[in-house]
Amino acid sequence: SEESDSLRTSPSVASLSENELPPPSAPAGYVCSLTEDLVAKAREELQEKPEWRLRDVQALRDMVRKECPNLSTSLEDAFLLRFLRARKFDYDRALQLLINYHSCRRSWPEVFNNLRPSALKEVLASGFLTVLPHTDPRGCHVLCLRPDRWIPSNYPITENIRAIYLTLEKLIQSEETQVNGIVILADYKGVSLSKASHFGPFIAKKVIGILQDGFPIRIKAVHVVNEPRIFKGIFAIIKPFLKEKIANRFFLHGSDLNSLHTNLPRNILPREYGGTAGELDITAWNAVLLASEEDFVREFCQPGPPCDSILGQALPPEGLSSEVPCDDSMRAMKSQLYSCY
């Protein structure tokens, strides 16, 4: 029968021995919030079949229980779906991404400990980052970064990274974002040599390692505007760590806003970038984050096990080890920046 065929092909059932009972299912209650158009997009781009969605989630849940029994992670449907969608429903790659996700959090405590909006009020108030109120034509939220708003003497660069991660965590809660992905708009106006030197190879490797291999989000494009000559040095540091697919999604527009508008239409952009959507307002997104304080406290501020054995055995994504950057790499980075400046 059709039902018995589906049971035979289901990884979660096929992996069980004859005398073994299936593990208890995760709490029920998942309801898909995707529109019909997004369901069709997820089917085409992510190989997500609505009729098999919960079976696929159960398969990943079974793999976590079997292969990573000590991994302290949520096993709820909605949470595991993030990782399946990010890896186009490839179970093995989704499991590795889930392990990397937790490994990243363990390997960089100065970023992930006490990660909550109220601890980052200074960064949020500076205007270093925000999310534009309108999505692009593909439905991608636009994360706007303005490094010129950061004053290094006020707080270390890791606080900016914490704010970025906090924003990504909030964005990825939306199923629309899981399917559509995000776009980054980075404005490097006024970034000086002294400020750029804070973003060396060590920091660059760790950040890129998280974004590429340790977080379930799809970055569809990175648009850089108003970049000074110094940015050539910054990008020279970044590029060796980028996968080809991501590197090809970087677009450098300089001060040519017409070039930017061919990718991001004017009606979604603030006046600062030649748009018609009013002045850039950071208060709305800051309010969204601050209203999520309890969620982040529950997720990032609870004491966890001293060491998950699976994380002790798993290697973090490239660049996420806690090794101290050597003097030679720092000297080479500064040399690159000076030559470009």
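Going by the structure above, here's the rest.
One numbering rule holds for all chains: residues counted from 1, following each sequence as written. Note on the predicted model: pLDDT of at least 70 is required for a residue's local features to be given, and 80 or more for side-chain atom pairs to be given and counted; whole-chain, interface and lining totals, by contrast, use all residues. With hydrogens and water set aside, each side-chain value is computed from the structure's full complement of heavy atoms.

S.K.: Would you mind showing me how to read the overall build of the chain here?
M.R.: Per the secondary structure count, the chain includes 19 helices and 5 strands. For the chain, the proportion of its 341 residues judged to be buried stands at 50%. Counting contacts in the chain only where the partners sit at least 6 residues apart, residues at least 24 apart contribute 79% of the total. Carbon together with sulfur atoms contributes 52% to the accessible area of the chain, which is approximately 16900 Å² in total. A run of H or I in DSSP becomes a helix once it reaches four residues, and a run of E becomes a strand once it reaches two; helices and strands are each numbered from the N terminus. In this scheme, a residue with accessible area under 20% of its type's maximum is buried, one over 50% is exposed, and one in between is partly exposed, where area comes from a 1.4 Å probe on protein chains only. Contacts are assigned to residue pairs that have any heavy atoms within 4.5 Å of one another. We get accessible surface area from the Shrake-Rupley algorithm with a probe of 1.4 Å; when it comes to residues, only the shown protein chains can shield them.

S.K.: Hey, could you run me through helix 6 (residues 91-107) in this one?
M.R.: An α-helical turn contains 3.6 residues, so a residue and the one three or four places further along point in the same direction. Taking 1.5 Å per residue as the helical rise, helix 6 with its 17 residues ought to reach 24 Å, and the 24 Å between its terminal C-alpha atoms agrees with that figure. For helix 6, the buried fraction is high: 13 of the 17 residues fall into the buried class. Pairing of N or O atoms within 3.5 Å defines a polar contact, subject to two protein rules: one partner must be a possible hydrogen donor and the other a possible acceptor, and residues neighboring in sequence count only if both atoms are side-chain atoms. Put simply, Asp-90 is the residue that caps the front of helix 6, since its side-chain oxygen is 3.1 Å from the backbone nitrogen of Asp-92. Residue count minus one, scaled by 1.5 Å, sets the expected span of a helix.

S.K.: I would appreciate a short explanation of unusual backbone geometry in the present structure.
M.R.: Trans is the common state for peptide bonds, and a negative phi is the common state for residues other than glycine. The backbone of Phe-89 shows a phi angle near 60 degrees, a positive value even though the residue is not glycine. Positionally, Phe-89 belongs in the loop between helix 5 (77-86) and helix 6.

S.K.: How should I be thinking about the side chain of Ser-107 in this particular structure?
M.R.: One can find Ser-107 in helix 6. Reaching out from Ser-107, the side chain makes a polar contact with the backbone oxygen of Cys-104 at a distance of 3.2 Å.

S.K.: So what exactly am I meant to see when it comes to the nonpolar core here?
M.R.: Grouped burial of nonpolar side chains is what soluble globular proteins tend to show. Buried Ala, Val, Leu, Ile, Met, Phe, Trp, Tyr and Cys residues that are joined via side-chain atoms within 4.5 Å together make up what is termed a nonpolar core. In terms of nonpolar packing, the biggest core is built from 77 residues, with Trp-108, Phe-112, Tyr-165, Phe-199, Phe-215 and Leu-242 touching the most fellow members. Per-element accounting of this core gives the leading share, 8 residues, to helix 6. The residues that make up this core include at least three from each of domain 1 (36-107) and domain 2 (112-296). Ranked by size, the runner-up nonpolar core spans 14 residues in total, among them Cys-144, Val-225, Leu-269 and Tyr-273. Residue ranges for the domains trace back to a domain assignment, done automatically or taken from a database.

S.K.: Explanation requested: the packing of aromatic side chains in the structure shown.
M.R.: Each pair of aromatic rings is reported with the distance of its centres and the angle of its planes. Any two of the Phe, Tyr and Trp rings considered here, Trp counted by its six-membered ring, make a pair once their centres fall within 6.5 Å; the pair's planes then place it as stacked at under 30 degrees, edge-to-face at over 60, or tilted in between. The tally for this structure, following the rule as stated, stands at 9 aromatic pairs. Pairing Tyr-101 with Phe-215 gives two aromatic rings, centres 6.1 Å apart and planes at 45 degrees, and the pair type is tilted. Residue Tyr-101 is found in helix 6, and its partner Phe-215 is found in the loop between helix 12 (201-213) and strand 4 (219-225); the two are separated by 114 residues along the sequence. What makes Phe-215 buried here is its relative accessible area of 1%.

S.K.: Could you clarify how one ought to interpret the environment of Asp-56 in this entry?
M.R.: Within the element layout of this structure, Asp-56 appears in helix 4 (residues 53-67). Taking the C-alpha atoms as reference, Asp-56 lies 8.2 Å from Leu-84; in sequence the two are 28 residues apart. Here Asp-56 is in contact with Leu-84, Phe-89 and Tyr-91, once residues within four sequence places are set aside. Engagement of the side chain of Asp-56 in a polar contact is seen with the side chain of Tyr-91, the distance being 2.5 Å.

S.K.: What exactly am I supposed to notice about helix 16 (residues 283-290) here?
M.R.: Along helix 16, the positions that sit buried rather than exposed are Trp-285, Asn-286 and Leu-289. Seen along its axis, helix 16 keeps its buried residues to an arc of 100 degrees; they face one direction. Of the surrounding secondary structure, the elements contacted by the buried residues of helix 16 are helix 8 (121-126), strand 1 (129-131), helix 9 (157-171) and helix 17 (293-300). Note: the arc covers the axis-to-C-beta directions of the helix.

S.K.: Any chance you could explain the sheet that holds strand 4 here in plain terms?
M.R.: Any two strands between which DSSP finds at least two bridges are classified as paired. Strand order in the open sheet formed by 5 strands is 1-2-3-4-5, with mixed pairing between adjacent strands. Here the strands that pair on one side only, and so sit at the sheet edges, are strand 1 and strand 5 (250-254). Adjacent strand axes in the sheet meet at a mean angle of 20 degrees when their direction is disregarded. Sitting on the sheet, helix 9 touches strand 1, strand 2 (141-145) and strand 3 (182-187), and the angle it makes with strand 1 is about 10 degrees. Angles run from 0 to 180 degrees between N-to-C directions of axes, and those axes are lines fitted to C-alpha atoms, restricted for helices to the stretch in contact.

S.K.: Would you explain the environment of Tyr-30 in this entry?
M.R.: Mapped onto the fold, Tyr-30 is located in the loop between helix 2 (11-14) and helix 3 (36-46). Each C-alpha atom of the pair Tyr-30 and Leu-54 lies 9.0 Å from the other, and the pair is 24 residues apart in sequence. What Tyr-30 contacts, discounting residues up to four positions off in sequence, is Arg-53, Leu-54, Asp-77, Ala-78, Leu-81, Arg-85 and Glu-175. Polar contacts involving the side chain of Tyr-30 include one to the side chain of Glu-175, which spans 2.5 Å.

S.K.: Looking at this model, I keep getting lost on the pairing of strand 3. Mind explaining?
M.R.: The side chains of a regular strand alternate, residue by residue, between the two faces of the sheet. Strand 3 sits mainly inside the fold: 6 of its 6 residues count as buried. Burial of the side chains of strand 3 extends over both faces: Ile-182, Ile-184 and Ala-186 are buried on one face and Val-183, Leu-185 and Asp-187 on the other. Pairing geometry for strand 3 and strand 4, over 6 bridges, is parallel. In the sheet register, Asp-187 faces strand 4, and the bridge partner there is Val-225.

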